[in-house]
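Residue-level structure breakdown
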Amino acid sequence: MTEKCGVVGVSLADRDAARPLYYSLYALQHRGQESAGIVTHDGFQQHSHVEMGLVGDAFDADALDQLNGQAGIGHVRYPTSGGVNACCAQPFSVSFKSGSLGLAHNGNLVNAAEIRSELEALGHAFTSNGDTEVIAHDLARNLLEEDLVRAVKRTMGRIHGSYALTIMHDDAVLGVRDPEGNRPLCIGELDDGYVLASESAAIDTLDGELVRDVAPGELIVLEPDGSGFDSYQLVERDATAHCFFEHVYFARPDSIVDDELVYDVRRELGGELWAESGIDTDVVMPVPDSGRSFASGYAEAANDDGADVEFAEGLMKNRYVGRTFIMPTQDERERAVRLKLNPIKSTVEDKTVTIIDDSIVRGTTSTQLVDLIRDAGAEEVHVRIGAPPIVAPCYMGIDMASRDELIAADKSIDEIREIIGADSLSYLSIDAIADVLGRARGDLCLGCVTGEYPYDIEGESTDRDVSRPVVGSESAPADD
Ligand code: SF4
(Lines give C-alpha, C1' and ligand atoms only; values in the text may rest on other atoms or scores of the structure.)
Protein backbone atom coordinates (compact mmCIF):
# COMPACT_ATOMS: atom_id res chain seq x y z
CA MET A 1 0.00 0.00 0.00
CA THR A 2 1.50 3.31 -0.95
CA GLU A 3 0.82 6.99 -1.14
CA LYS A 4 0.88 8.22 -4.68
CA CYS A 5 2.36 11.66 -4.64
CA GLY A 6 3.82 14.61 -2.80
CA VAL A 7 3.56 18.22 -3.93
CA VAL A 8 5.38 21.41 -3.03
CA GLY A 9 5.38 25.08 -4.13
CA VAL A 10 7.75 27.89 -3.17
CA SER A 11 7.82 31.65 -3.71
CA LEU A 12 10.89 33.55 -2.50
CA ALA A 13 12.03 37.18 -2.28
CA ASP A 14 15.56 37.09 -3.63
CA ARG A 15 16.95 33.63 -4.31
CA ASP A 16 16.20 30.81 -6.70
CA ALA A 17 13.49 28.36 -5.68
CA ALA A 18 15.13 25.28 -7.20
CA ARG A 19 17.18 24.17 -4.19
CA PRO A 20 14.45 24.69 -1.56
CA LEU A 21 12.12 22.73 -3.86
CA TYR A 22 14.70 19.98 -4.22
CA TYR A 23 15.17 19.69 -0.44
CA SER A 24 11.40 19.66 0.07
CA LEU A 25 11.02 16.85 -2.43
CA TYR A 26 13.64 14.89 -0.53
CA ALA A 27 11.50 15.34 2.60
CA LEU A 28 8.49 14.03 0.68
CA GLN A 29 10.26 11.13 -1.01
CA HIS A 30 8.21 8.59 0.98
CA ARG A 31 5.11 9.83 -0.91
CA GLY A 32 6.41 8.77 -4.33
CA GLN A 33 9.50 7.10 -5.72
CA GLU A 34 8.78 6.71 -9.43
CA SER A 35 9.53 10.19 -10.70
CA ALA A 36 10.52 13.62 -9.45
CA GLY A 37 10.17 17.02 -11.06
CA ILE A 38 10.51 20.76 -10.58
CA VAL A 39 9.09 23.59 -12.68
CA THR A 40 10.25 27.16 -11.99
CA HIS A 41 9.47 30.55 -13.51
CA ASP A 42 11.95 33.44 -13.74
CA GLY A 43 9.42 36.16 -14.55
CA PHE A 44 9.84 35.63 -18.30
CA GLN A 45 9.70 31.94 -18.94
CA GLN A 46 9.17 28.54 -17.39
CA HIS A 47 11.98 26.05 -16.73
CA SER A 48 11.26 22.40 -16.19
CA HIS A 49 13.19 19.30 -15.16
CA VAL A 50 11.22 16.10 -14.70
CA GLU A 51 12.87 12.67 -14.54
CA MET A 52 12.03 9.12 -13.65
CA GLY A 53 13.59 7.87 -10.42
CA LEU A 54 14.26 9.07 -6.91
CA VAL A 55 14.87 12.75 -6.15
CA GLY A 56 18.60 12.15 -5.65
CA ASP A 57 18.86 10.49 -9.07
CA ALA A 58 16.56 12.85 -10.95
CA PHE A 59 18.56 16.03 -10.25
CA ASP A 60 22.22 16.97 -10.30
CA ALA A 61 23.81 20.36 -9.66
CA ASP A 62 23.60 21.34 -13.36
CA ALA A 63 19.91 20.52 -13.54
CA LEU A 64 19.22 22.63 -10.44
CA ASP A 65 21.35 25.53 -11.75
CA GLN A 66 19.25 25.66 -14.89
CA LEU A 67 15.99 25.95 -12.98
CA ASN A 68 16.02 29.73 -12.75
CA GLY A 69 13.47 31.81 -10.92
CA GLN A 70 12.29 32.56 -7.41
CA ALA A 71 9.01 30.73 -7.81
CA GLY A 72 8.40 27.09 -8.53
CA ILE A 73 6.54 23.88 -7.83
CA GLY A 74 7.70 20.30 -7.41
CA HIS A 75 6.35 16.79 -7.36
CA VAL A 76 7.29 13.24 -6.43
CA ARG A 77 5.14 10.57 -7.96
CA TYR A 78 4.12 7.01 -7.65
CA PRO A 79 1.76 6.14 -10.50
CA THR A 80 -1.94 6.82 -9.87
CA SER A 81 -4.08 7.06 -12.96
CA GLY A 82 -2.01 7.13 -16.08
CA GLY A 83 0.40 4.22 -15.75
CA VAL A 84 4.12 3.95 -15.19
CA ASN A 85 5.89 6.06 -17.74
CA ALA A 86 7.72 9.31 -18.24
CA CYS A 87 4.82 11.12 -19.92
CA CYS A 88 2.84 10.96 -16.66
CA ALA A 89 5.67 12.32 -14.53
CA GLN A 90 4.95 15.71 -13.01
CA PRO A 91 4.76 18.68 -12.65
CA PHE A 92 2.77 18.78 -15.85
CA SER A 93 3.52 21.96 -17.77
CA VAL A 94 1.80 23.63 -20.68
CA SER A 95 1.99 26.98 -22.49
CA PHE A 96 -1.14 28.53 -23.86
CA LYS A 97 -2.51 31.88 -25.04
CA SER A 98 -2.66 33.55 -21.64
CA GLY A 99 0.65 32.29 -20.29
CA SER A 100 2.27 29.19 -18.89
CA LEU A 101 0.91 26.71 -16.44
CA GLY A 102 2.56 24.06 -14.26
CA LEU A 103 0.58 21.58 -12.18
CA ALA A 104 1.52 19.08 -9.47
CA HIS A 105 -1.26 16.84 -8.18
CA ASN A 106 -1.67 14.51 -5.22
CA GLY A 107 -4.91 12.55 -5.32
CA ASN A 108 -7.15 11.09 -7.96
CA LEU A 109 -10.13 12.45 -9.85
CA VAL A 110 -13.07 10.13 -10.33
CA ASN A 111 -14.62 12.07 -13.23
CA ALA A 112 -11.48 12.78 -15.27
CA ALA A 113 -12.70 10.68 -18.22
CA GLU A 114 -15.87 12.76 -18.62
CA ILE A 115 -14.01 16.08 -18.61
CA ARG A 116 -11.34 14.71 -20.87
CA SER A 117 -13.90 13.60 -23.52
CA GLU A 118 -15.53 17.00 -23.37
CA LEU A 119 -12.19 18.79 -23.83
CA GLU A 120 -11.11 16.43 -26.61
CA ALA A 121 -14.33 17.22 -28.44
CA LEU A 122 -13.36 20.90 -28.15
CA GLY A 123 -10.00 20.21 -29.77
CA HIS A 124 -7.70 19.80 -26.75
CA ALA A 125 -4.90 17.34 -27.51
CA PHE A 126 -3.70 15.23 -24.60
CA THR A 127 -0.19 13.80 -24.30
CA SER A 128 -0.82 11.46 -21.33
CA ASN A 129 -3.67 9.44 -19.93
CA GLY A 130 -3.34 10.94 -16.46
CA ASP A 131 -5.92 13.07 -14.68
CA THR A 132 -3.47 15.91 -13.92
CA GLU A 133 -3.36 16.87 -17.58
CA VAL A 134 -7.16 17.03 -17.52
CA ILE A 135 -7.02 19.59 -14.70
CA ALA A 136 -4.30 21.55 -16.55
CA HIS A 137 -6.32 21.73 -19.78
CA ASP A 138 -9.52 22.63 -17.99
CA LEU A 139 -7.79 25.40 -16.07
CA ALA A 140 -6.02 26.69 -19.20
CA ARG A 141 -9.36 26.87 -20.97
CA ASN A 142 -10.98 28.74 -18.06
CA LEU A 143 -8.05 31.15 -17.87
CA LEU A 144 -8.89 32.31 -21.39
CA GLU A 145 -12.22 33.64 -20.08
CA GLU A 146 -11.69 34.37 -16.38
CA ASP A 147 -9.19 35.82 -13.96
CA LEU A 148 -7.02 33.39 -12.02
CA VAL A 149 -9.24 32.98 -8.96
CA ARG A 150 -12.47 32.56 -10.92
CA ALA A 151 -10.78 30.17 -13.35
CA VAL A 152 -9.64 27.95 -10.46
CA LYS A 153 -13.11 28.10 -8.95
CA ARG A 154 -14.70 27.08 -12.23
CA THR A 155 -12.34 24.12 -12.56
CA MET A 156 -13.04 23.12 -8.94
CA GLY A 157 -16.73 23.13 -9.81
CA ARG A 158 -16.11 20.60 -12.55
CA ILE A 159 -13.57 18.15 -11.16
CA HIS A 160 -14.72 15.53 -8.68
CA GLY A 161 -12.44 13.52 -6.45
CA SER A 162 -9.37 13.95 -4.38
CA TYR A 163 -6.80 16.64 -5.06
CA ALA A 164 -4.13 18.65 -3.34
CA LEU A 165 -2.55 20.78 -6.05
CA THR A 166 0.35 23.14 -6.38
CA ILE A 167 -0.03 25.22 -9.50
CA MET A 168 2.19 27.77 -11.18
CA HIS A 169 0.57 30.29 -13.49
CA ASP A 170 3.50 32.28 -14.89
CA ASP A 171 5.36 33.22 -11.68
CA ALA A 172 2.35 32.98 -9.35
CA VAL A 173 2.38 29.87 -7.13
CA LEU A 174 -0.98 28.53 -5.97
CA GLY A 175 -2.13 25.78 -3.64
CA VAL A 176 -5.58 24.20 -3.81
CA ARG A 177 -7.15 21.52 -1.67
CA ASP A 178 -10.28 19.68 -2.70
CA PRO A 179 -13.51 20.69 -0.92
CA GLU A 180 -13.43 17.51 1.18
CA GLY A 181 -9.78 17.99 2.18
CA ASN A 182 -9.03 14.37 1.33
CA ARG A 183 -5.29 14.80 0.83
CA PRO A 184 -3.15 17.07 3.01
CA LEU A 185 -1.62 20.42 2.07
CA CYS A 186 -0.10 23.03 4.37
CA ILE A 187 1.49 26.49 4.26
CA GLY A 188 4.83 27.38 5.78
CA GLU A 189 6.73 30.61 6.27
CA LEU A 190 10.44 30.97 5.52
CA ASP A 191 12.73 33.91 6.32
CA ASP A 192 12.39 35.11 2.74
CA GLY A 193 9.18 33.61 1.43
CA TYR A 194 6.42 31.04 1.67
CA VAL A 195 6.08 27.37 0.92
CA LEU A 196 3.18 25.01 0.24
CA ALA A 197 3.74 21.30 0.88
CA SER A 198 1.92 18.01 1.29
CA GLU A 199 3.46 17.61 4.73
CA SER A 200 4.96 19.95 7.29
CA ALA A 201 8.17 17.86 7.41
CA ALA A 202 9.09 19.54 4.11
CA ILE A 203 8.71 22.96 5.77
CA ASP A 204 10.91 21.82 8.68
CA THR A 205 13.57 20.76 6.18
CA LEU A 206 13.71 24.37 4.94
CA ASP A 207 13.96 25.74 8.50
CA GLY A 208 10.51 27.22 8.07
CA GLU A 209 7.53 27.54 10.38
CA LEU A 210 4.26 25.79 9.75
CA VAL A 211 1.60 28.50 9.36
CA ARG A 212 -1.44 26.22 9.03
CA ASP A 213 -3.16 23.60 6.91
CA VAL A 214 -4.78 24.77 3.69
CA ALA A 215 -8.51 24.47 4.39
CA PRO A 216 -10.67 22.11 2.33
CA GLY A 217 -11.94 24.07 -0.71
CA GLU A 218 -9.42 26.87 -0.18
CA LEU A 219 -7.14 28.47 -2.77
CA ILE A 220 -3.87 29.99 -1.58
CA VAL A 221 -2.01 32.38 -3.87
CA LEU A 222 1.59 33.12 -2.85
CA GLU A 223 2.86 36.64 -3.58
CA PRO A 224 5.51 36.38 -6.33
CA ASP A 225 7.96 38.43 -4.19
CA GLY A 226 7.66 36.04 -1.24
CA SER A 227 6.04 38.70 0.95
CA GLY A 228 2.86 36.83 1.87
CA PHE A 229 -0.14 34.98 0.54
CA ASP A 230 -3.81 35.54 -0.21
CA SER A 231 -6.56 33.12 0.72
CA TYR A 232 -9.82 32.47 -1.12
CA GLN A 233 -12.36 30.04 0.29
CA LEU A 234 -13.77 28.97 -3.06
CA VAL A 235 -15.95 26.03 -2.08
CA GLU A 236 -17.59 25.20 1.26
CA ARG A 237 -18.94 21.81 2.28
CA ASP A 238 -20.83 20.70 5.38
CA ALA A 239 -18.46 17.80 5.92
CA THR A 240 -14.85 16.94 5.14
CA ALA A 241 -13.38 13.60 4.06
CA HIS A 242 -9.83 13.54 5.38
CA CYS A 243 -8.05 10.30 4.52
CA PHE A 244 -7.56 8.65 7.92
CA PHE A 245 -4.74 6.54 6.48
CA GLU A 246 -2.57 9.65 6.19
CA HIS A 247 -2.39 9.57 10.00
CA VAL A 248 -2.18 5.80 10.27
CA TYR A 249 0.39 5.06 7.61
CA PHE A 250 1.26 7.45 4.80
CA ALA A 251 2.47 10.65 6.40
CA ARG A 252 5.80 10.95 8.18
CA PRO A 253 5.50 10.71 11.98
CA ASP A 254 7.22 14.09 12.29
CA SER A 255 4.60 15.82 10.12
CA ILE A 256 1.62 17.73 11.44
CA VAL A 257 -1.39 16.83 9.31
CA ASP A 258 -4.70 18.62 9.82
CA ASP A 259 -3.47 20.02 13.12
CA GLU A 260 -2.33 16.70 14.56
CA LEU A 261 1.26 15.50 14.96
CA VAL A 262 1.24 12.13 13.22
CA TYR A 263 3.57 10.56 15.80
CA ASP A 264 1.23 11.50 18.68
CA VAL A 265 -1.79 10.17 16.80
CA ARG A 266 -0.11 6.83 16.17
CA ARG A 267 0.95 6.48 19.80
CA GLU A 268 -2.56 7.27 20.94
CA LEU A 269 -3.99 4.78 18.45
CA GLY A 270 -1.58 2.21 19.93
CA GLY A 271 -2.98 2.99 23.39
CA GLU A 272 -6.51 2.51 22.08
CA LEU A 273 -5.49 -0.78 20.52
CA TRP A 274 -4.37 -1.96 23.95
CA ALA A 275 -7.62 -0.71 25.51
CA GLU A 276 -9.73 -2.52 22.91
CA SER A 277 -7.89 -5.79 22.45
CA GLY A 278 -4.69 -5.84 24.53
CA ILE A 279 -3.13 -9.18 25.32
CA ASP A 280 -0.52 -9.63 28.02
CA THR A 281 2.51 -11.16 26.29
CA ASP A 282 6.19 -11.14 27.25
CA VAL A 283 7.18 -8.97 24.32
CA VAL A 284 5.55 -6.31 22.11
CA MET A 285 7.30 -5.72 18.80
CA PRO A 286 6.60 -3.22 16.03
CA VAL A 287 6.72 -4.14 12.38
CA PRO A 288 9.23 -1.53 11.22
CA ASP A 289 8.94 1.27 10.42
CA SER A 290 5.32 2.31 10.52
CA GLY A 291 4.29 0.00 13.39
CA ARG A 292 6.83 1.60 15.73
CA SER A 293 4.77 4.48 17.18
CA PHE A 294 1.71 2.23 17.53
CA ALA A 295 3.73 -0.39 19.39
CA SER A 296 5.33 2.12 21.78
CA GLY A 297 1.89 3.58 22.60
CA TYR A 298 0.47 0.08 23.01
CA ALA A 299 3.29 -1.09 25.31
CA GLU A 300 3.11 2.08 27.41
CA ALA A 301 -0.67 1.71 27.85
CA ALA A 302 -0.19 -1.98 28.71
CA ASN A 303 2.40 -1.23 31.39
CA ASP A 304 0.29 1.65 32.76
CA ASP A 305 -2.46 -0.93 33.10
CA GLY A 306 -0.25 -3.20 35.20
CA ALA A 307 0.83 -5.64 32.49
CA ASP A 308 4.53 -6.38 32.34
CA VAL A 309 5.36 -6.28 28.65
CA GLU A 310 8.76 -5.60 27.17
CA PHE A 311 8.84 -3.26 24.17
CA ALA A 312 11.47 -4.75 21.85
CA GLU A 313 12.71 -3.84 18.41
CA GLY A 314 12.92 -7.51 17.51
CA LEU A 315 12.53 -7.21 13.75
CA MET A 316 15.42 -5.75 11.82
CA LYS A 317 14.77 -4.13 8.50
CA ASN A 318 17.06 -4.29 5.51
CA ARG A 319 16.70 -0.73 4.20
CA TYR A 320 18.04 -1.57 0.77
CA VAL A 321 15.14 -3.72 -0.35
CA GLY A 322 12.30 -2.00 -2.22
CA ARG A 323 8.79 -1.96 -0.82
CA THR A 324 7.02 -5.27 -1.30
CA PHE A 325 4.26 -3.84 -3.47
CA ILE A 326 6.76 -2.95 -6.18
CA MET A 327 7.19 -6.67 -6.82
CA PRO A 328 4.60 -7.66 -9.39
CA THR A 329 4.10 -11.35 -8.63
CA GLN A 330 3.04 -13.10 -5.43
CA ASP A 331 6.19 -15.20 -5.45
CA GLU A 332 8.45 -12.14 -5.68
CA ARG A 333 6.48 -10.39 -2.94
CA GLU A 334 6.94 -13.35 -0.63
CA ARG A 335 10.68 -13.47 -1.20
CA ALA A 336 10.91 -9.71 -0.64
CA VAL A 337 9.47 -10.04 2.87
CA ARG A 338 12.20 -12.54 3.76
CA LEU A 339 14.82 -10.21 2.34
CA LYS A 340 13.41 -7.22 4.12
CA LEU A 341 12.83 -8.31 7.72
CA ASN A 342 14.85 -10.53 10.03
CA PRO A 343 13.93 -11.30 13.66
CA ILE A 344 16.46 -11.03 16.50
CA LYS A 345 16.20 -14.55 17.86
CA SER A 346 17.01 -13.75 21.50
CA THR A 347 14.14 -11.24 21.75
CA VAL A 348 11.49 -13.81 20.84
CA GLU A 349 12.86 -17.26 21.74
CA ASP A 350 10.66 -19.06 24.30
CA LYS A 351 8.51 -15.95 24.69
CA THR A 352 4.96 -14.97 23.96
CA VAL A 353 5.05 -12.17 21.39
CA THR A 354 2.64 -9.51 20.10
CA ILE A 355 3.54 -7.90 16.79
CA ILE A 356 1.97 -4.57 15.96
CA ASP A 357 1.44 -3.33 12.41
CA ASP A 358 -0.55 -0.51 10.86
CA SER A 359 -2.53 -2.54 8.35
CA ILE A 360 -2.97 -5.86 6.58
CA VAL A 361 -3.51 -5.55 2.82
CA ARG A 362 -3.04 -8.90 1.07
CA GLY A 363 -1.89 -10.76 4.16
CA THR A 364 1.40 -11.83 2.57
CA THR A 365 3.65 -9.84 4.90
CA SER A 366 1.75 -10.81 8.05
CA THR A 367 1.85 -14.52 7.16
CA GLN A 368 5.58 -14.37 6.55
CA LEU A 369 6.20 -12.42 9.74
CA VAL A 370 4.27 -14.80 11.93
CA ASP A 371 6.24 -17.65 10.33
CA LEU A 372 9.57 -15.88 10.85
CA ILE A 373 8.86 -15.23 14.51
CA ARG A 374 7.66 -18.77 15.16
CA ASP A 375 10.75 -20.14 13.38
CA ALA A 376 12.86 -17.97 15.70
CA GLY A 377 11.39 -19.81 18.69
CA ALA A 378 8.40 -17.75 19.88
CA GLU A 379 5.89 -19.69 21.99
CA GLU A 380 2.88 -17.65 20.83
CA VAL A 381 2.51 -14.98 18.16
CA HIS A 382 -0.35 -12.49 18.45
CA VAL A 383 -1.05 -9.78 15.88
CA ARG A 384 -2.58 -6.37 16.58
CA ILE A 385 -3.38 -3.92 13.79
CA GLY A 386 -3.67 -0.15 14.29
CA ALA A 387 -6.44 0.28 11.71
CA PRO A 388 -9.73 -1.44 10.83
CA PRO A 389 -9.73 -4.27 8.22
CA ILE A 390 -9.30 -2.97 4.64
CA VAL A 391 -12.33 -4.32 2.81
CA ALA A 392 -12.43 -2.19 -0.35
CA PRO A 393 -10.06 -0.44 -2.75
CA CYS A 394 -9.09 3.23 -2.71
CA TYR A 395 -10.08 5.43 -5.65
CA MET A 396 -8.57 8.58 -4.18
CA GLY A 397 -4.94 8.15 -5.03
CA ILE A 398 -3.66 5.34 -2.83
CA ASP A 399 -2.22 2.29 -4.50
CA MET A 400 -3.79 -0.34 -2.32
CA ALA A 401 -4.89 -3.48 -4.18
CA SER A 402 -7.99 -4.57 -6.02
CA ARG A 403 -10.92 -6.01 -4.09
CA ASP A 404 -10.04 -9.60 -4.93
CA GLU A 405 -6.50 -9.10 -3.59
CA LEU A 406 -7.62 -7.64 -0.25
CA ILE A 407 -7.61 -10.39 2.34
CA ALA A 408 -10.35 -8.74 4.43
CA ALA A 409 -12.69 -8.11 1.48
CA ASP A 410 -14.45 -11.44 1.89
CA LYS A 411 -12.98 -13.04 5.01
CA SER A 412 -13.82 -12.77 8.68
CA ILE A 413 -11.14 -11.74 11.19
CA ASP A 414 -10.93 -15.32 12.41
CA GLU A 415 -10.44 -16.61 8.87
CA ILE A 416 -7.64 -14.09 8.39
CA ARG A 417 -6.09 -15.11 11.70
CA GLU A 418 -6.04 -18.68 10.51
CA ILE A 419 -4.50 -17.78 7.14
CA ILE A 420 -1.70 -15.72 8.69
CA GLY A 421 -1.15 -18.38 11.35
CA ALA A 422 -1.44 -16.10 14.40
CA ASP A 423 -2.62 -17.21 17.84
CA SER A 424 -4.89 -14.18 17.94
CA LEU A 425 -5.64 -11.21 15.68
CA SER A 426 -7.42 -7.93 16.40
CA TYR A 427 -7.88 -4.70 14.52
CA LEU A 428 -8.57 -1.21 15.84
CA SER A 429 -12.18 -0.01 15.53
CA ILE A 430 -13.32 2.84 13.30
CA ASP A 431 -14.71 4.61 16.38
CA ALA A 432 -11.30 4.59 18.03
CA ILE A 433 -9.78 6.19 14.91
CA ALA A 434 -12.44 8.92 14.88
CA ASP A 435 -12.04 9.52 18.64
CA VAL A 436 -8.27 9.85 18.49
CA LEU A 437 -8.45 12.16 15.47
CA GLY A 438 -11.10 14.19 17.28
CA ARG A 439 -13.42 14.09 14.28
CA ALA A 440 -16.87 12.77 13.55
CA ARG A 441 -16.88 9.67 11.35
CA GLY A 442 -18.68 11.75 8.73
CA ASP A 443 -15.66 14.08 8.46
CA LEU A 444 -13.31 11.27 7.51
CA CYS A 445 -12.87 9.21 4.38
CA LEU A 446 -13.38 5.61 5.50
CA GLY A 447 -14.00 4.18 2.03
CA CYS A 448 -11.43 1.39 2.20
CA VAL A 449 -12.66 0.14 5.58
CA THR A 450 -16.43 0.55 5.03
CA GLY A 451 -16.84 0.23 1.24
CA GLU A 452 -18.75 3.53 1.28
CA TYR A 453 -17.04 6.53 -0.23
CA PRO A 454 -17.29 10.31 0.15
CA TYR A 455 -17.27 10.74 -3.66
CA ASP A 456 -19.63 9.56 -6.37
CA ILE A 457 -17.69 6.59 -7.78
CA GLU A 458 -19.19 4.44 -10.48
CA GLY A 459 -20.33 1.07 -9.13
CA GLU A 460 -19.69 1.98 -5.47
CA SER A 461 -21.92 3.32 -2.71
CA THR A 462 -21.45 6.65 -0.97
CA ASP A 463 -21.50 7.56 2.71
CA ARG A 464 -23.13 10.96 2.11
CA ASP A 465 -25.39 12.81 -0.24
CA VAL A 466 -22.93 13.47 -3.04
CA SER A 467 -23.05 13.42 -6.83
CA ARG A 468 -20.67 14.25 -9.64
CA PRO A 469 -20.82 17.71 -11.14
CA VAL A 470 -22.47 17.87 -14.53
CA VAL A 471 -19.87 18.59 -17.17
CA GLY A 472 -20.40 19.54 -20.79
CA SER A 473 -22.75 22.15 -22.15
CA GLU A 474 -25.02 22.05 -19.09
CA SER A 475 -22.22 22.80 -16.62
CA ALA A 476 -22.83 25.84 -14.43
CA PRO A 477 -20.66 28.93 -14.84
CA ALA A 478 -18.52 30.08 -11.91
CA ASP A 479 -20.28 32.15 -9.25
CA ASP A 480 -18.95 35.49 -8.14
S1 SF4 B 1 -10.30 5.02 0.68
FE2 SF4 B 1 -8.92 4.70 2.46
S3 SF4 B 1 -6.86 5.14 1.69
FE4 SF4 B 1 -8.33 5.95 0.20
S5 SF4 B 1 -8.60 8.10 0.75
FE6 SF4 B 1 -10.21 6.96 1.78
S7 SF4 B 1 -9.35 6.42 3.80
FE8 SF4 B 1 -7.66 7.06 2.51
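Looking at an unreviewed UniProt entry, one finds the protein named Amidophosphoribosyltransferase, with Haloplanus rubicundus as its source organism. Recorded in UniProt under Function (unreviewed entry), the annotation for the protein is "Catalyzes the formation of phosphoribosylamine from phosphoribosylpyrophosphate (PRPP) and glutamine." The UniProt entry for the protein carries the following text under Catalytic activity (unreviewed entry): "5-phospho-beta-D-ribosylamine + L-glutamate + diphosphate = 5-phospho-alpha-D-ribose 1-diphosphate + L-glutamine + H2O".

One pass over the structure, following the stated rule, counts nine aromatic pairs. Plain terms: the ring middles of Tyr22 and Tyr23 are 5.7 Å apart, the flat faces sit at 50 degrees to each other, and that makes the pair tilted. Taking relative accessible area as the criterion, Tyr22 reaches 14% and is therefore assigned buried. Overall, Tyr23 belongs to the partly exposed group, its relative accessible area being 38%. Pairing Phe245 with Phe250 gives two aromatic rings, centres 5.9 Å apart and planes at 50 degrees, and the pair type is tilted. As far as the burial class goes, Phe245 and Phe250 line up, both buried. Taken together through their ring pairs, the aromatic side chains of Tyr22, Tyr23, Tyr26 and Phe59 make up a single cluster.

In this section: the sheet that holds strand β11 (residues 193-197). Sheet strands line up and pair through hydrogen bonds in the backbone, either parallel or antiparallel. As summarised here, the arrangement of the seven strands in space is β4-β3-β5-β2-β11-β10-β12, forming an open sheet in which the pairing is antiparallel. In the strand order of this sheet, the two ends are held by β4 (46-52) and β12 (209-213), each with one partner. Neighbouring strand axes in the sheet, compared pairwise and without regard to direction, differ in orientation by 15 degrees on average. Here strand β2 (residues 5-12) runs beside β11; their pairing, made up of five bridges, is antiparallel. Within β11, the position partnered with Gly9 by the bridge is Leu196.

The rules behind these values
Residues numbered from 1 in each chain as written. Predicted model: local features only at pLDDT ≥ 70, side-chain atom pairs only at ≥ 80, totals over all residues. Heavy atoms only, no water. UniProt positions renumbered as here; feature names shortened; annotations may be inferred. Phe/Tyr/Trp six-rings, centres within 6.5 Å; stacked < 30°, edge-to-face > 60°. Buried < 20%, exposed > 50% of the residue type's maximum accessible area, 1.4 Å probe, protein only. Pairing = 2+ DSSP bridges. Helix = DSSP H or I, 4+ residues; strand = E, 2+ residues; numbered from the N terminus. Axes fitted to C-alpha atoms, helices over the stretch in contact; angles between N-to-C directions.

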